[in-house]
Amino acid sequence: DFSLHAANLKESYVKLKKNLLFLHIDGRRTVSADDLSMELSSLLHDLHLSSSSFEKPLPSRSLPPITELLSRLQEKLISASTDCEKSSLIGRVERLFQTADPHWLFPANQDNGLAELQDAYGSLVNVLIGCAALPLCEGDCDSLPAAAYQSVPSRAGPVCSTLTALLGTLGNRGRQTSVLLAVAPAVAVFAVTHFQDQAWTSCSSRAAAQSLQEALLRAGGWRDPPHLLMGDRSQGEEGEEGGQNRGILGGILDILQHQLTKDSWQRCEAVKLVFAWTLLQVTRPSLTPHLSHLLPPSLLLNDHYRPENCMLGVRCLHHIVLNTPAADLRQFNRAEVIYQALFKHLYTTETAVIQSVLSCLLDLLLVLEKPPSSLAPSSSRRKPCRHDDVLRLVLRRMEAEDKVALRRVYASALPLYIDRMAVAVCRHLRQVERVVVGYLEVRDPPEETSRLKILEVLQRTTRAAWPRMACHVAVLLRCLLKLLVAVSSDCQLSDSVRQKLMKETSVCLKLLDGCCHGDLQPLLQQVDSSCCSSEVLSCLASVTVTTER
């Protein structure tokens, strides 16, 4: 009954006008206290929460409960039939968060109704985010055309501004961390969706989303996105006062898990990007407790037929391998599942996929088994292991590969696998020999990456398996001499690349001569000087002078 509080209302209104004469609303203009109160009263009137016969603005203590207002705002947004109507209402909600009494927006004495307050703000935030939702793909179709996202940036900007205003007011309340933690996961997912350079964003919407993420970090006292997700790992269970030290990774995964199922993850183009961004921010030991929610979506992406999705999945799996203890990966046979999912990609011809898979497998194999290079000598024959399986398949694919880009990827990855095998590479020497000969015969201008890497492979193989190299010297020597002659007469090569090739070739010759106990030197001295250039002769002379054992 307003008549019972007339004196109090008048006194509160005069005090409000005196203390809040001018307020900054959005950095562009100021409004008087009368305009401020009338704005709020007008909004309440439109929502049927104030008496139409009461013409003067209402003080905060005469307003309805904030939960009731948030509920009505939610209903209004849902029932709005046009984008113009929604945009207008979102703008008024932004002004509400900017100008209303914070004590009314976030009551301090809400111990009994705290859950209701959290639900009310959480529901309103979800409805606001829904106003800028991306269109969904139908079934397993390819990505939507750019025209389908044309209206998204213009709808996302006002939502970002409104959420930024909410976080700005919420951050100033200090102890209202429970409400902040309730809305933070949804806000973070929305910000990540719209600050990436994609078809559904524009320069202005990306800037607004970036500002929204920064406002979220400030509101909770988080230093950066990893701190936002993981919190302070030194903290135990925090109470209300330590809530800002808590991460929101679990809340984000709860939002994403319903969209990351086998049947639904392809419907929204942004979901996979938000998931990958989230996962790549999380490091050990915070990743392990959430492994059951992070591994299945990564495997789904890895198994997809589109190369960009497959690469994203491999990148996620590699991050999991690097940031999860080996014991946790081996538990429930997770590491073996990842291995099988990656191994099948060795049959693909996508250059970027092969490059990512070879790097990931190298780290994953250390989780599954001890590297052959670390095994002690044994009188019994060494059993083949997964390292052998991978190297055998890689060498087989290298022999048949004719794409220059893919040959470079294979050649660049092979030296690390040879080092991992050490003397156990003896089991693969015939394959290695064929690969070396085949790759040194083919030019790879302008940097000659393939040839240089294969020469490195030959050097590492010779050092690791030197007792078994003598029977391969004849073939390798002929190949290396052909390479020297070809490189010296190739006018398209730069001097630096030519010198590097000839230097690495001479190192290979010295190593092979050491394996043969100097038997190559007489052969090299018999080379006909009329058939090769002075550069080749100089290179051969350096081999015959000093021999590396």
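Residues numbered from 1 in each chain as written. Predicted model: local features only at pLDDT ≥ 70, side-chain atom pairs only at ≥ 80, totals over all residues. Heavy atoms only, no water.

Peer 1: If you had to explain the overall build of the protein chain to someone new, which residues and values would you point to?
Peer 2: Along the protein chain, the regular secondary structure elements total 25 helices and two strands. Looking at the protein chain residue by residue over its 549 residues, the buried ones come to 50%. By sequence separation, contacts in the protein chain at least 24 residues apart represent 69% of the contacts at least 6 residues apart. Accessible surface, the protein chain as shown: approximately 26,400 Å² in total, 52% of it carbon and sulfur. (Helix = DSSP H or I, 4+ residues; strand = E, 2+ residues; numbered from the N terminus. Buried < 20%, exposed > 50% of the residue type's maximum accessible area, 1.4 Å probe, protein only. Contact = heavy atoms within 4.5 Å. Areas by Shrake-Rupley, 256 points an atom, 1.4 Å probe, with all protein chains shown as cover.)

Peer 1: I'd love a proper account of the packing of aromatic side chains, names of residues and values included.
Peer 2: Tallied over the entire structure, the rule returns five aromatic pairs. Arranged with centres 6.5 Å apart and planes meeting at 35°, the rings of Phe97 and Tyr121 form a pair that is tilted. Of this pair, Phe97 sits in helix α4 (residues 83–99) while Tyr121 sits in helix α6 (residues 114–130), placing them 24 residues apart in sequence. By the burial criterion, Phe97 is buried, and Tyr121 matches it. Arranged with centres 5.1 Å apart and planes meeting at 25°, the rings of Phe106 and Tyr121 form a pair that is stacked. You can see Phe106 sitting in the loop between α5 (102–105) and α6 and its partner Tyr121 sitting in helix α6, a full 15 residues away along the chain. Judged by relative accessible area, which is 0%, Phe106 ranks as buried. Here the aromatic residues Phe97, Phe106 and Tyr121 are joined through ring pairs into a cluster of three or more. Across the ring face of Tyr339, the terminal group of Arg386 is positioned such that the distance to the ring centre comes to 5.8 Å. Above the plane of the ring of Tyr439 lies Arg407, whose end atom (NZ or CZ) is 3.9 Å from the centre. (Phe/Tyr/Trp six-rings, centres within 6.5 Å; stacked < 30°, edge-to-face > 60°. Lys NZ or Arg CZ within 6 Å of the ring centre and 35° of its normal.)

Peer 1: How would you summarise the pattern of salt bridges if you had to cite specific residues and measurements?
Peer 2: Here the structure, examined in full by the defined rule, presents 16 salt bridges. Between Glu456 and Lys453 there is a salt bridge, with its nearest N and O atoms 3.6 Å apart. On the criterion of helical spacing, the pair formed by Glu456 and Lys453 is a turn pair, its members being three residues apart in helix α21 (residues 449–464). A residue is classified by how much of its surface remains accessible, and Lys453, at 28% relative accessible area, is partly exposed. Between Glu456 and Arg460 there is a salt bridge, with the nearest N and O atoms lying 2.3 Å from each other. With a gap of four residues between them, Glu456 and Arg460 both fall in helix α21, about one helical turn apart. Since its relative accessible area comes to 22%, Glu456 is described here as partly exposed. (Salt bridge = Lys/Arg side-chain N within 4 Å of Asp/Glu carboxyl O.)

Peer 1: Account for helix α22 (residues 473–488), with residues named and values stated.
Peer 2: If you check α22, its first and last C-alpha atoms are 22 Å apart, about what 16 residues at 1.5 Å a residue would give, namely 22 Å. Those residues of α22 that sit buried are Val473, Leu476, Leu477, Cys479, Leu480, Leu483, Leu484, Val487 and Ser488. In a view along the axis of α22, the buried residues occupy a sector of 165°, so they form one face of it. Counted as exposed and oriented over 90 degrees from the buried face of α22: Ala474 and Lys482. (Expected span 1.5 Å × (residues − 1). Arc of directions from axis to C-beta.)

Peer 1: I'd like to hear about the packing of α6 against helix α7 (residues 152–171), residue by residue, with values.
Peer 2: The interhelical angle for the contact between α6 and α7, taken along N-to-C directions, is 160°, at an axis separation of 10 Å. In terms of orientation, α6 and α7 fall into the roughly antiparallel class. Of the two elements, α6 crosses α7, and the hand of that crossing is left-handed. Residues Tyr121, Val125, Leu128 and Ile129 of α6 form the contact with α7, whose participating residues are Val159, Thr162, Leu163 and Leu166. Residue composition of the contact of α6 with α7, grouped by class: seven nonpolar, one polar and no charged. (Axes fitted to C-alpha atoms, helices over the stretch in contact; angles between N-to-C directions. Parallel < 35°, antiparallel > 145°, perpendicular 65-115°, else oblique. Left-handed = near helix turned anticlockwise from the far one by under 90°. Nonpolar A, V, L, I, M, F, W, Y, C, P; charged D, E, K, R; others polar.)

Peer 1: Please set out the nonpolar core residue by residue, giving values where relevant.
Peer 2: Residues Tyr121, Leu364 and Ile454 are the most contacted members of the largest nonpolar core, which totals 166 residues. Looking at which domains feed residues into this core, each of domain 1 (65–135 + 149–221) and domain 2 (428–548) supplies at least three. In contact with Tyr121, not counting residues within four places along its chain, are Ile66, Leu70, Phe97, Leu105, Phe106, Leu166, Val179 and Val183. (Core = buried A, V, L, I, M, F, W, Y, C linked by side-chain atoms within 4.5 Å. Domains from an automatic or database assignment.)

Peer 1: I'd love a proper account of helix α3 (residues 66–79), names of residues and values included.
Peer 2: The end-to-end C-alpha separation of α3 is 20 Å, in line with the 20 Å expected for 14 residues at 1.5 Å each. By the burial criterion, the buried members of α3 are Ile66, Thr67, Leu69, Leu70, Leu73 and Leu77. Down the axis of α3, the buried side of the element spans an arc of 160°, and every buried residue falls inside it. Exposed residues on α3 whose side chains face more than 90 degrees from its buried face are Ile78 and Ser79.

Peer 1: Account for unusual backbone geometry, naming residues and giving values.
Peer 2: Here Arg284 and Pro285 are connected by a cis peptide whose omega angle stands at 5°. Inspection of the secondary structure assignment puts Pro285 in the loop between α12 (269–281) and α13 (291–302). The step from Pro445 to Pro446 runs through a cis peptide bond, and the omega angle for that step is 0°. Here Pro446 is to be found in the loop between α20 (429–440) and α21. Even without glycine at this site, Glu448 takes up a positive phi of about 55°.

Peer 1: Describe the environment of Trp265, and please don't skip the residues or the numbers.
Peer 2: With respect to the helices and strands, Trp265 occurs in the loop between α11 (249–257) and α12. Classification of Trp265 by relative accessible area gives buried; the value is 6%. With 128 residues separating them in the primary sequence, Trp265 and Cys137 have C-alpha atoms 10.0 Å apart. Ignoring anything within four residues of it in the chain, the contact list for Trp265 reads Gln259, Leu260, Lys272, Leu300, Leu301, His304 and Asn309.

Peer 1: So what about the side chain of His387? Which residues, and what values?
Peer 2: Secondary-structure assignment places His387 in helix α18 (residues 386–400). Setting aside chain neighbours within four positions, we find His387 in contact with Leu365, Glu369, Lys370, Pro371, Pro372, Arg420 and Met421.

Peer 1: Outline the packing of helix α17 (residues 351–368) against helix α19 (residues 404–421), listing residues and values.
Peer 2: In the contact formed by α17 and α19, the axes pass within 9 Å of each other and the chain directions differ by 10°. Classified by the interaxial angle, the pair formed by α17 and α19 is roughly parallel. Between α17, through Thr351, Ile354, Gln355, Leu358, Leu361, Leu362, Leu365 and Leu366, and α19, the contact on the second element is made entirely by Ala405, Leu406, Val409, Tyr410, Ala413, Leu416, Tyr417 and Arg420. Residues that form the contact of α17 with α19 fall into these classes: 13 nonpolar, two polar and one charged.

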